[in-house]
Amino acid sequence: MTIERFGSLDGQDVLQVSLQGPDGMEAKVLTWGAVVRDLSVQVAGGSQRVVLGLNSIEDYVAHSPYFGAIVGRYGNRIGRARFNLNGRTYQLDANEGENQLHGGTKGFGSRVWSIVDQTPFSVTLSLVSEDGDMGYPGRLLATCTYTLLPSSRLRIELEATSDKPTPVNLTTHGYFNLDGSPDISSHELTIAGDYITPTRPDLIPTGEITAVAGTDYDFTTSRPIHGTAHTLYDINYVLRGPYGDLRHAATLASRRNGLAMELWTTEPGVQFYDGHLIDLPVRGLGGVQYGRHAGLCLEPQRFPDSPNNAHFPSSILPPGQVSRQISELRFSR
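This section reports on the structure supplied with the text.

Calculation notes
- Residues numbered from 1 in each chain as written.
- Predicted model: local features only at pLDDT ≥ 70, side-chain atom pairs only at ≥ 80, totals over all residues.
- Heavy atoms only, no water.
- Pairing = 2+ DSSP bridges.
- Helix = DSSP H or I, 4+ residues; strand = E, 2+ residues; numbered from the N terminus.
- Axes fitted to C-alpha atoms, helices over the stretch in contact; angles between N-to-C directions.
- 1 Å grid on protein atoms, 1.4 Å probe; cavity = no way out; pocket = protein on both sides within 12 Å on 5 of 7 lines; lining within 4 Å.
- Points joined across faces, edges and corners; volume = space filled by probe spheres on them.
- Nonpolar A, V, L, I, M, F, W, Y, C, P; charged D, E, K, R; others polar.
- Buried < 20%, exposed > 50% of the residue type's maximum accessible area, 1.4 Å probe, protein only.
- Contact = heavy atoms within 4.5 Å.
- Core = buried A, V, L, I, M, F, W, Y, C linked by side-chain atoms within 4.5 Å.

### Quick notes on the sheet that holds strand β3 (residues 26-30)
Part 1 of the reasoning: Spatial ordering of the open sheet is given by β1-β2-β3-β4-β5, a layout of 5 strands whose pairing is antiparallel. Here the strands that pair on one side only, and so sit at the sheet edges, are β1 (2-9) and β5 (46-49). Going across the sheet, the axis of each strand differs from the next one's by a mean of 20 degrees, ignoring polarity.
Part 2 of the reasoning: With 4 bridges joining them, strand β4 (residues 36-43) and β5 adopt antiparallel strand pairing. Paired with Gln42 across the two strands is Ser47, which belongs to β5.

Structure, rendered in structure tokens:
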């Protein structure tokens, strides 16, 4: 484990923590946004980079579409950037039209976190969000722990506590490409979800929960991400199994090199975004130009806009309790 200066932002150093797992897996984590800047796994003949990342803090601030970040206080979207809680309406910072995306203009994915613990295989970062931050009630303490485990696994543990009731939906926002191709057309996907939460054109859920069977959203068996369908994906899947148990959520596999990644999570949902809006003017890691579908996201989460949908799994964190999410990325060939 090594720590080095990656750059500075508003006079504050941004650090990069490099971790090496027991079987050669390597990760580079930034204190800015708790970003996984780089992640590689051992394959025959060397290593394979499996995430999209950028080369400078300036590029991240100016151009990153949340590459590898921990987003919050509420990941995904809240409709009209407002919600009611205990008889009071809270108006949030709106940063996507009239809605809020990923916690607002200064969400957790664009702030400098602090390193509070480290081992050769792990690092823990923390962030304090004050009462009223981006419109949310309560002083919230968030922590994120990345741990490299045997058998090419990355564990991500997210926790939060607050001194007032508040919505919390921390999630990890990595963009995955398992073979280094210009796009993810050589990948197949399975999602352990039989239902989605359909959305309006502005991507706010309608409140319905609908079956994927017979639609382009059906990934219950492995298939190419796009195939002959013309659907662009940015949608929440309702995962099978008890919410709170660590269970299989999705499998991504490259037909080009045979590398597979399983996502396991304790969360009730996962957002699948196929990267159709990626179009960066700067080059990424290895000098690669990231364009449309250069990588995809699988974001373990509470459902989007759940503070405004009482029948969705609750995202409200009471004071004195802990919001906890565990997710694992498990790589194999």
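Next comes the rest of the write-up.
### Focus on the layout of surface pockets
Part 1 of the reasoning: Volume-wise, the largest pocket comes out at about 540 Å³.
Part 2 of the reasoning: In terms of lining, the largest pocket is formed by 33 residues, of which the most central are Ser64, Pro65, Tyr66, Leu101 and Tyr175.
Part 3 of the reasoning: Within the lining of the largest pocket, the residues separate by chemical class into 17 nonpolar, 9 polar and 7 charged.
Part 4 of the reasoning: Looking at the second largest pocket, its volume works out to about 190 Å³.
Part 5 of the reasoning: Grouping the constituent residues of the lining of the second largest pocket by class yields 8 nonpolar, 5 polar and 1 charged.

### So, the sheet that holds strand β22 (residues 247-254)
Part 1 of the reasoning: Strand order across the open sheet formed by 9 strands is β11-β12-β13-β14-β27-β23-β22-β17-β20, with antiparallel pairing between neighbours. The open sheet is flanked by β11 (114-119) and β20 (223-224), the only strands paired with a single partner.
Part 2 of the reasoning: Sheet analysis places strand β14 (residues 153-162) next to strand β27 (residues 323-332), joined by 8 bridges and oriented antiparallel. From the neighbouring strand, Glu159 faces β27, where its bridge partner is Arg324.

### Notes on the environment of Pro120
Part 1 of the reasoning: Along the chain, Pro120 turns up in the loop between β11 and β12 (122-129).
Part 2 of the reasoning: Using a relative accessible area of 54% as the deciding quantity, one classes Pro120 as exposed.
Part 3 of the reasoning: The spacing of Pro120 and Asp202 is 82 residues in sequence and 43 Å in space, taken between C-alpha atoms.
Part 4 of the reasoning: With residues up to four places along the chain from it excluded, the contact list for Pro120 reads Met1, Leu19 and Gln20.

### Digging into the nonpolar core
Part 1 of the reasoning: Of all hydrophobic cores here, the largest spans 56 residues; its most connected members are Leu39, Tyr146 and Phe272.
Part 2 of the reasoning: Counting residues in each nonpolar core, the second largest holds 22 residues, with Ala69, Ile278, Leu285 and Tyr290 among its members.

### A closer look at the pairing of β27
Looking along a regular strand, one sees the side chains alternate between the two faces of the sheet.
Part 1 of the reasoning: Counting buried positions along β27 gives 7 out of 10 residues, so the element sits mostly inside the fold.
Part 2 of the reasoning: One ladder, built from 6 bridges, connects strand β23 (residues 260-265) with β27; its direction is antiparallel. Of the residues in β27, the one forming a bridge with Met261 is Phe331.

### Quick word on empty space enclosed by the protein
Part 1 of the reasoning: A full pass over the atoms with the stated rule returns 4 cavities of 30 Å³ or more.
Part 2 of the reasoning: Ile156, Thr172, Gly174, Phe176 and Leu329 are, among the 13 residues lining the largest cavity, the residues nearest its centre.
Part 3 of the reasoning: Secondary structure elements with two or more residues in the lining of the largest cavity: β4, β14 and β25 (297-301).
Part 4 of the reasoning: Considering only enclosed or pocket space, the second largest cavity measures out at about 50 Å³ in volume.
Part 5 of the reasoning: Surrounding the second largest cavity, Leu158, Val168, Asn169, Leu170, Glu267, Arg302, Ser323, Arg324 and Gln325 form its lining.
Part 6 of the reasoning: Considering every element that reaches the lining of the second largest cavity, the biggest residue donor is β27, with 3 residues.
Part 7 of the reasoning: Here the residues of the lining of the second largest cavity sort into 3 nonpolar, 3 polar and 3 charged.

Note that every value here comes from positions in space, so none of it alone points to a role or purpose.
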